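# Coordinate analysis (summary)
In case you want the letters, here they are:
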Amino acid sequence: MMINNRMTFENLCLRNEPLANHSSYQIGGEANFFAMPETAEELITLLQGCRTHGLDYFFCGMGSNLLFPDNPRKDTLYISLKRFVYWDITPTKWFISSGTPMSMLSIAGLMYNIPGYEFTYLLPGGLGAGIYMNAKYNHRQISDIIKTVYYVDLEDPSLSVQSIDVSQCKYGYKQSIFQMNPWLILGADMLAVPEQLDPQQANRLLSRWKDKEGMSSLSSFYSYMAEEAKALQSRGIHLPAPMTQIEEYRNGKRHFEYPSCGSVFKNNYDYGVPVGALVDRLELKGKAYGGAMISPFHGNMIINTDHATAEHIKYLMNVIMEGVDKAFGFVPEPEVVVVE
């Protein structure tokens, strides 16, 4: 009988791991405990180990929508799901795990001739995070393309896998039921199922990503996804206009030139003007503090220009919140998750 020597809490954990290596901000101190499970079994082993050792835990994906602390808590296991990447494809079902990059859905949509996934191109995060926050681009959002979500209730002693239909997920603008409960998202069944099934082709796509160690660097992420899109074009697969427009927009706003989390604040649709435009009116674009700067190209981005710390980013966040509140009468709600 084969024994998996890796399947122990101690073997799954890395010690003194820089969280900056797992964040698109490239900010974060050394974690006393860190892990990147690749299977549900490894994930459950880690959760059970936290109970045994009295550790708290914090989950993340590719680290593209959070700000890690400069001095992480010593009694916390930081668990990244960016290597939790696999698909289960049958003639009636297409399950995609939470660690799969959202942007890869656009590539898969082209491979399998499934329209409607184009909006995910260059969204720099994992599917689990997209499900959690109902990630969107323009008028399309993740809740439009999923059918059933699978999760673990972290307060359930059995840690058994449960499921919920998308209609019950209380989705709204960057809102979901998952923000209201201690549920860990494992993945989802997609609304569409490929007609031309080629699991081997899908596995090759996933293997190439996993070989890159689940990149959190925005520049590396962009280069990888752009190369995947070019590879499809070289095979005669047309790149639809929405994807080329996304690439032009994000490059025009320099989204991948500096480490960042993308948009820092949610837009206030009751006010009716994007936060970035309000920051522009306040003439705050280009304002710097320490190694951080409010992007000169997009007012709702704070970029890491020179070894910024979490405190530098938070200082500029407060500058924007106070400025918008004073001038326009509301405090913008952070979209970035500030990890304490």
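Provided above is the structure to which this section pertains.
Okay, so let's go over this structure.

### A look at the pattern of salt bridges
Summed over all chains, the structure comprises 12 salt bridges. Between Glu340 and Lys314 there is a salt bridge whose closest N-O contact spans 4.0 Å. One end of the pair, Glu340, is in the segment after β18 (337-338); the other, Lys314, is in helix α9 (residues 310-328), and 26 residues separate them in sequence. A single salt-bridge network, built from bridges that share partners, covers Asp56, Arg73 and Asp75.

### Regarding the state of the cysteines
Evaluated as defined, the whole model comprises zero disulfides. Between Cys60, a cysteine without a disulfide, and Cys50, which holds the nearest cysteine sulfur, the sulfur-to-sulfur distance is 13 Å.

### Comments concerning the sheet that holds strand β9 (residues 93-97)
Reading across from one edge, β8-β9-β14-β12-β13 is the order of the five strands in this open sheet, with antiparallel pairing throughout. Here the strands that pair on one side only, and so sit at the sheet edges, are β8 (87-90) and β13 (161-165). Direction aside, neighbouring strands of the sheet carry axes that sit 25° apart on average. Where strand β12 (residues 146-153) meets β13, five bridges bridge the pair, whose relative direction is antiparallel. What sits directly across from Tyr150, in β13, is Ser163.

### As for the packing of helix α5 (residues 199-211) against helix α6 (residues 218-234)
Between α5 and α6, whose axes approach to 12 Å, the crossing angle comes to 155°. By the angle between their directions, the pair α5 and α6 is classed as roughly antiparallel. At the point where α5 passes α6, the crossing takes the right-handed sense. Every residue of α6 that contacts α5 at Leu205, Arg208 and Trp209 is listed here: Phe221, Tyr224, Met225 and Glu228.

### Re the packing of aromatic side chains
Going through the model one piece at a time under the given rule, you end up with 21 aromatic pairs. Each ring, one from Tyr86 and one from Phe95, has its centre 5.6 Å from the other, and the planes form 40°; the classification is tilted. For the pair Phe178 and Trp183, a centre-to-centre distance of 6.0 Å together with 70° between the ring planes defines the contact as edge-to-face. Classification of Trp183 as buried rests on a relative accessible area of 17%. Every member of this aromatic cluster is reached through a ring pair, and the members are Phe84, Tyr86, Phe95 and Tyr150. Over the ring of Phe297 we find Arg254; its NZ or CZ atom is 4.2 Å from the centre of that ring.

### Overview of the pairing of β9
When you tally the buried positions in β9, you get four out of five residues, the bulk of the element. In this structure, β8 lies alongside β9, joined through four bridges in antiparallel fashion. Counted as the bridge partner of Ile89 is Trp94 from β9. Between the antiparallel neighbours β8 and β9 lie two residues.

### Examining the packing of helix α3 (residues 103-111) against α5
In contact at an axis separation of 12 Å, α3 and α5 are set at 155° when each is read in the N-to-C sense. Between α3 and α5, the crossing angle belongs to the class labelled roughly antiparallel. Seen along the crossing, α3 lies across α5 with a hand that is right-handed. Across from Met104, Ile107 and Met111 in α3, the residues of α5 making contact are Gln201, Ala202, Leu205, Leu206 and Trp209.

Conventions used here
- Residues numbered from 1 in each chain as written.
- Predicted model: local features only at pLDDT ≥ 70, side-chain atom pairs only at ≥ 80, totals over all residues.
- Heavy atoms only, no water.
- Salt bridge = Lys/Arg side-chain N within 4 Å of Asp/Glu carboxyl O.
- Helix = DSSP H or I, 4+ residues; strand = E, 2+ residues; numbered from the N terminus.
- Disulfide = S-S within 2.5 Å.
- Pairing = 2+ DSSP bridges.
- Axes fitted to C-alpha atoms, helices over the stretch in contact; angles between N-to-C directions.
- Parallel < 35°, antiparallel > 145°, perpendicular 65-115°, else oblique.
- Left-handed = near helix turned anticlockwise from the far one by under 90°.
- Contact = heavy atoms within 4.5 Å.
- Phe/Tyr/Trp six-rings, centres within 6.5 Å; stacked < 30°, edge-to-face > 60°.
- Buried < 20%, exposed > 50% of the residue type's maximum accessible area, 1.4 Å probe, protein only.
- Lys NZ or Arg CZ within 6 Å of the ring centre and 35° of its normal.

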